[in-house]
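Summary of the model geometry
Read off the chains here:
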Amino acid sequence: MAFTPRVFSGIKPSGDLHLGNYLGAIRRFVPLQETHETLYCVVDMHAITVWQDPEDLKRWTYEIAAAYIASGLDPSKSIIFNQSQVMEHAELSWIFNCVARVGWMERMTQFKDKSGENSENVSLGLFAYPSLMAADILLYKTTGVPVGDDQKQHLELTRDIAKKFNHDFRKQIKDLGFDEDYFPITETLATGPAMRVKSLKDGARKMSKSDASDMSTIYMMDDADTIAKKIKRATSDAAPLPETADGLAGRAEAENLVGIFAALSNRSVDDVLIEFGGKGWGAFKPALADLAVSVLAPIAGEMQRLVGDRGEMDRILRDGAARARAIAQPTMDEVRRIVGFIR
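Everything numeric here is computed off the predicted structure, so don't read it as measured data. (Residues numbered from 1 in each chain as written. Predicted model: local features only at pLDDT ≥ 70, side-chain atom pairs only at ≥ 80, totals over all residues. Heavy atoms only, no water.)

**Structural notes on the overall build of the protein chain**
Spelled out, the test is: Counting from the N terminus, the helices are the DSSP runs of H or I reaching at least four residues and the strands are the DSSP runs of E reaching at least two. Partly exposed residues are those whose accessible area sits between 20% and 50% of the maximum for their type, while under 20% is buried and over 50% is exposed, using a 1.4 Å probe and protein chains only. Here the Shrake-Rupley method, with its probe set to 1.4 Å, supplies the accessible areas, and only the displayed protein chains count as covering residues. Neither His nor the chain ends contribute to the count of charged residues, in which Lys and Arg are positive and Asp and Glu negative. Think of each charge as sitting on NZ of Lys, CZ of Arg, CG of Asp or CD of Glu.
Across its full length, the protein chain carries 14 helices and five strands. Buried residues in the protein chain amount to 49% of all 343 residues. For the protein chain, the computed accessible surface area is about 15,800 Å², with 51% contributed by carbon and sulfur atoms. Within the protein chain, one finds 42 positive and 48 negative side-chain charges whose respective centroids are separated by 2 Å.

Right under this line is the structure:
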């Protein structure tokens, strides 16, 4: 059985989007809509594994959907929707809860990181959310996922669940007319190196919405003046820029700022340093600020417009959910028959 080349990815609405989300994920989604069937989801069911204020959850859901579109995703090419409008995600997740093993979940490093020493008091949803992530992917028989390093373990779990389901229900899958696996073994999609953006105030830490200093993070809704101000006040060092990437070793803040310039301009770090090597920050930071404003300010403006038009955003999300359900419902009809549910 040949599976349709299909991509699924999602972002959790649990805070304001920032430059790291754009360079590490959203921008990399856009070219895939030209080569694959693409579904880009706002995974709001994942968000509530930890407490979310309902009004913030709604706002962030609209913001992520708006960011997808403002960054270049076309709702006529990509299916853009929020997860909770397609309840087949939850149904398949429960079935996968009964396929996956507790030991598999206990090995998930992100659960350990998020729960810390308080694991007995976190929600059951936080423990089991990798099963929901597997359902997100396999509900659409996704063949490829553009994942970062922090999600590779979850994709491996998705593959393990698919393999166990295919094995456990081999007879029923064949009886339904499938000669091979029912679920594909989803692969990691190579979409070029993901930029791991660091804090503008501390090059050893990731850029984060939870950082105590607002000046450390460029948000996707920041206006031009704010973007420029944050870059010009970013932490740097006293030395001029080197002429090759090797010269950035041990200079975390310099490496971060040059990396941002390279990513925003679609150039290599070495190419950027050919232009700026030997120059000081007085020359580089204004150039980076101008570049960032030219790329990000139009996206922010379009996001503001879209978020302000709830009627249009609701229409896009409802249409995307209907198109997603058109794929999800036949899958769930077959899965119910495979596992023995009477309908």
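Anyway, onward from the coordinates.
**Concerning the nonpolar core**
Formally: Buried Ala, Val, Leu, Ile, Met, Phe, Trp, Tyr and Cys residues form a nonpolar core when they are joined through side-chain atoms within 4.5 Å. Contact between two residues is taken to exist if any of their heavy atoms lie within 4.5 Å; hydrogens are not considered.
Of all hydrophobic cores here, the largest spans 60 residues; its most connected members are Leu19, Tyr22, Tyr68, Leu264 and Phe284. If you tally residues by element for this core, the top one is helix α13 (residues 281-307), at 11 residues. Among residues more than four places away in sequence, those in contact with Tyr22 are Arg27, Ser71, Met220, Leu264, Val295, Leu296 and Ile299. In this structure, Val86, Ile95, Met108 and Ile161 belong to the second largest nonpolar core, which totals 44 residues.

**So, helix α8 (residues 152-168)**
Cut-off, in case you're wondering: To estimate the expected span of a helix, subtract one from its residue number and multiply by 1.5 Å.
Taking 1.5 Å as the rise per residue, α8 with 17 residues should run 24 Å; its terminal C-alpha atoms sit 24 Å apart, in good agreement. When we look at burial in α8, the residues that qualify are His154, Leu155, Leu157, Thr158, Arg159, Ile161, Ala162, Phe165 and Asn166.

**Digging into the side chain of Asp211**
To be explicit about the condition: Two N or O atoms form a polar contact when they lie within 3.5 Å of each other; inside protein one atom must be a possible hydrogen donor and the other a possible acceptor, and for residues adjacent in sequence the pair counts only when both atoms belong to side chains.
Counting through the fold element by element, Asp211 comes out in the loop between β5 (187-188) and α10 (224-232). The exposure class of Asp211 is buried, given its relative accessible area of 14%. Within polar-contact distance, the side chain of Asp211 engages the backbone nitrogen of Ser213 at 3.0 Å. Look past the residues within four positions of Asp211 in its chain and what remains in contact with it is Ser199, Arg205, Ser216 and Thr217.

**A few points about the packing of aromatic side chains**
The criterion, for reference: Whether two aromatic rings pair depends on their centres lying within 6.5 Å, for rings of Phe, Tyr and Trp, where Trp uses its six-membered ring; planes under 30 degrees apart make the pair stacked, over 60 edge-to-face, and the rest tilted.
Evaluated as defined, the whole model comprises 16 aromatic pairs. Summarising the aromatic geometry, the rings of Phe165 and Phe169 are spaced 4.9 Å apart at their centres and angled 45° between planes, so their arrangement reads as tilted. A relative accessible area of 0% places Phe165 in the buried class. Ring centres of Phe165 and Tyr182 lie 6.4 Å apart, and the angle between their planes is 45°; on these two criteria the pair is classed as tilted. Note that Phe165 is positioned in helix α8 and Tyr182 in the loop between α9 (170-175) and β5, a separation of 17 residues in sequence.

**Concerning the packing of helix α11 (residues 252-265) against α13**
What counts here: To obtain an axis, a line is fitted to C-alpha atoms, over the contacting stretch when the element is a helix, and the angle between two such axes runs from 0 to 180 degrees between their N-to-C directions. Our angle categories are set so that under 35 degrees counts as roughly parallel, over 145 as roughly antiparallel, 65 to 115 as roughly perpendicular, and the remainder as oblique. By definition, turning the near helix anticlockwise from the far helix through less than a right angle yields a left-handed crossing, and turning it clockwise yields a right-handed one. As a working rule, the residues Ala, Val, Leu, Ile, Met, Phe, Trp, Tyr, Cys and Pro are called nonpolar, Asp, Glu, Lys and Arg charged, and the rest polar, with Gly in that last group.
Look at α11 against α13: their axes get within 10 Å of each other, and the N-to-C directions meet at 40°. Taken together, the axis directions place α11 and α13 in an arrangement best described as oblique. The element α11 and its partner α13 pack so that their crossing is left-handed. Judged by residue contacts, Ala254, Leu257, Val258, Ile260, Phe261, Leu264 and Ser265 of α11 engage Trp281, Phe284, Lys285, Ala287, Leu288, Leu291, Ala292, Val295 and Leu296 from α13. In terms of residue class, the contact of α11 with α13 is built from 14 nonpolar, one polar and one charged.

**Remarks on the pattern of salt bridges**
A side chain of one charge can pair with a side chain of the opposite charge if their charged atoms are brought near each other. Inclusion rule: Any Lys or Arg side-chain nitrogen found within 4 Å of a carboxyl oxygen on Asp or Glu counts as a salt bridge.
The full count for this structure, using the stated rule, is 22 salt bridges. Note that Arg315 is salt-bridged to Glu312, the shortest N-O span being 3.0 Å. Taken together, the positions of Arg315 and Glu312, both in helix α14 (residues 310-339) and three residues apart, correspond to about one turn of that helix. Close ionic contact of Asp319 with Arg323 constitutes a salt bridge, the shortest N to O distance being 3.5 Å. Residue Asp319 and its partner Arg323 are both found in helix α14; the two are separated by four residues, about one turn of the helix. Accessibility expressed as a relative area gives 36% for Asp319, which makes it partly exposed. Given the relative accessible area of 26%, Arg323 is considered partly exposed. Beyond isolated ion pairs, a larger network of salt bridges with shared partners links Asp16, Asp56 and Arg59.

**Overview of the environment of Ser199**
Tracing the sequence through the fold places Ser199 in the loop between β5 and α10. Note: C-alpha distance between Ser199 and Ser216 (17 residues apart in sequence) is 5.1 Å. For Ser199, the residues in contact, after removing those within four places along its chain, are Arg205, Lys206, Met207, Asp211, Ser216 and Asn256. Only 3.0 Å separates the side chain of Ser199 from the backbone nitrogen of Lys201, close enough to count as a polar contact. Side-chain polar atoms of Ser199 contact the backbone nitrogen of Asp202, separated by 3.2 Å.

**Here we look at the side chain of Thr186**
Counting through the fold element by element, Thr186 comes out in the loop between α9 and β5. With residues up to four places along the chain from it excluded, the contact list for Thr186 reads Ile137, Leu138, Thr142, Thr143, Gly144, Val145, Leu155 and Arg159.

**A closer look at the pairing of strand β2 (residues 37-42)**
What counts, and what does not: Between any two strands, pairing holds if DSSP finds at least two bridges. Handedness of a crossover: with both strands directed away from the viewer, a clockwise path from the first strand across the helix to the second marks it as right-handed.
Within β2, five of the six residues are buried, leaving the element largely enclosed by the surrounding structure. In terms of strand pairing, strand β1 (residues 6-11) meets β2 through six bridges, oriented parallel. Across the sheet, residue Gly10 finds its bridge partner in β2, namely Cys41. Note that the unit made of β1, helix α1 (residues 19-29) and β2 has a crossover that is right-handed. The pairing of β2 with strand β3 (residues 78-82) spans five bridges and is parallel. Counterpart to Thr38 in the pairing with β3 is Ser78.

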